[in-house]
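# Coordinate analysis (summary)
Below, each chain spelled out in residue letters.
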Amino acid sequence: MFDMNKITGNLILVGLMGAGKTTLGKQLANKLQLEFYDSDQVICERTGVSIPTIFELEGETGFRQREKTIISELVQLQNIIIATGGGTVLHEENRDKLKENGFVIYLHALPEILLSRIQHDKNRPLLQVKDPMLKLQQLYTQRDRLYRATAHLVIEANDSCTSETMTRLCALLRQQTNQQ
Ligand code: S3P
């Protein structure tokens, strides 16, 4: 279990695309002096290609397989912060591994907020569709319960300013560790 005072255990961020997992994860890692890993970034480093290229060559199924492998590896590490890809929770095996090997935080944000943050980003293959808002709503409907089922803590991440979410997150983590 993660302990903010003793800095033991892993801290894992889950949530939809655009929730701020990478941004907040990096900030938190900086603050707590922990190593930071972004599962998508590790996949790109290993393969030498971008996420859209993996989707193009291997489809979503191929990407999910790679994601599963990387998650299995990352959760073996100790005292790190992990920003997961938005679809990581789709596989039960991933959900179990995240839950068992770290303190999982769901960054919850509404589809309309998410879209305003990422609508011009071409690096997210699932959103390269005619109606990205509809797609995000579908993903939210499908995944919100999976994120909640995986997380030890849910935090609202609708603010336009990440520093507000960061402040709330740190306060909640402190509260959490004091309760243990
Ligand atoms: C995906 C989210 C992306 C990336 C891939 C698939 C998803 O990560 O893993 O494009 O299924 O929601 P981010 O959540 O970091 O954007």
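## Quick notes on the nonpolar core
For soluble globular proteins, the rule of thumb is that nonpolar side chains tend to be buried together. Among the nonpolar cores identified, the biggest contains 54 residues, and Leu11, Val14, Leu28, Ile81, Ile105 and Leu173 are the most heavily contacted of them. The residues contacting Ile81, other than those within four sequence positions of it, are Leu11, Gly25, Leu28, Ala29, Leu32, Leu34, Glu35, Phe36 and Tyr37.

## Describing the pattern of salt bridges
For the structure on display, the rule yields nine salt bridges. With its nearest N and O atoms 2.9 Å apart, the salt bridge here joins Arg64 to Glu67. In this pair, Arg64 and Glu67 are both assigned in helix H3 (residues 51-74), three residues apart and thus about one turn of the helix distant. When its relative accessible area of 8% is taken as the criterion, Arg64 is described as buried. Bridged by salt links that share partners, the residues Glu60, Arg64 and Glu67 form one connected network.

## Digging into the side chain of Thr88
Structurally, the position occupied by Thr88 is in the loop between strand S3 (80-83) and helix H4 (92-100). Only 2.6 Å separates the side chain of Thr88 from the backbone oxygen of Gly85, close enough to count as a polar contact. What Thr88 contacts, discounting residues up to four positions off in sequence, is Arg64, Glu67, Ile71, Asn94 and Leu98.

## A short note on the packing of aromatic side chains
Applying the stated criterion across every chain yields a total of two aromatic pairs. Plain terms: the ring middles of Phe55 and Phe63 are 4.9 Å apart, the flat faces sit at 35° to each other, and that makes the pair tilted. Comparing Phe55 with Phe63, the two get one shared label, buried. Between Tyr106 and Tyr147, the ring centres sit 4.9 Å apart and the planes meet at 35°, which makes this aromatic pair tilted. Here Tyr106, found in strand S4 (residues 103-108), pairs with Tyr147, found in helix H6 (residues 132-150); they are 41 residues apart in sequence, far enough to count as distant. Accessibility assignment for this pair places Tyr106 and Tyr147 in one class, buried.

## Thoughts on the site of the ligand
In the region of the ligand, 13 residues are neighbours, and Lys21, Asp40, Arg64, Arg124 and Arg143 sit closest. At 2.6 Å from an oxygen atom of the ligand is found a side-chain nitrogen or oxygen belonging to Arg64. For the ligand, an oxygen atom lies 2.8 Å from a polar atom in the side chain of Arg124. Coverage of the ligand by the protein amounts to 96% of the 380 Å² it exposes when considered alone. Looking at the shell around the ligand residue by residue, the class counts come to five nonpolar, three polar and five charged.

## Some words on H3
Helix length check: H3 (24 residues) gives 18 Å between terminal C-alpha atoms against 34 Å at 1.5 Å per residue, more than 12% under. Burial in H3 covers these residues: Ile51, Ile54, Phe55, Gly62, Phe63, Arg64, Glu67, Lys68, Ile70, Ile71 and Leu74. Against strand S2 (35-38), helix H2 (39-47), S3, H4 and H6 lie the buried residues of H3.

## Describing the packing of H2 against H3
For the pair H2 and H3, interaxial distance at closest approach is 9 Å and the crossing angle is 110°. Here H3 runs roughly perpendicular to H2, going by the angle between their axes. Considering the relative orientation of H2 and H3, their crossing is right-handed. Here Ser39, Asp40, Val42, Ile43, Cys44, Arg46 and Thr47 of H2 lie close against H3, whose contacting residues are Ile51, Ile54, Phe63, Arg66, Glu67, Ile70, Ile71, Glu73 and Leu74. Tallied by class, residues from the contact of H2 with H3 come to nine nonpolar, two polar and five charged.

Rules behind the numbers
Residues numbered from 1 in each chain as written. Predicted model: local features only at pLDDT ≥ 70, side-chain atom pairs only at ≥ 80, totals over all residues. Heavy atoms only, no water. Core = buried A, V, L, I, M, F, W, Y, C linked by side-chain atoms within 4.5 Å. Buried < 20%, exposed > 50% of the residue type's maximum accessible area, 1.4 Å probe, protein only. Contact = heavy atoms within 4.5 Å. Salt bridge = Lys/Arg side-chain N within 4 Å of Asp/Glu carboxyl O. Helix = DSSP H or I, 4+ residues; strand = E, 2+ residues; numbered from the N terminus. Polar contact = N/O pair within 3.5 Å; in protein donor to acceptor, adjacent residues only side chain to side chain. Phe/Tyr/Trp six-rings, centres within 6.5 Å; stacked < 30°, edge-to-face > 60°. Near = heavy atom within 4 Å. Areas by Shrake-Rupley, 256 points an atom, 1.4 Å probe, with all protein chains shown as cover. Nonpolar A, V, L, I, M, F, W, Y, C, P; charged D, E, K, R; others polar. Expected span 1.5 Å × (residues − 1). Axes fitted to C-alpha atoms, helices over the stretch in contact; angles between N-to-C directions. Parallel < 35°, antiparallel > 145°, perpendicular 65-115°, else oblique. Left-handed = near helix turned anticlockwise from the far one by under 90°.

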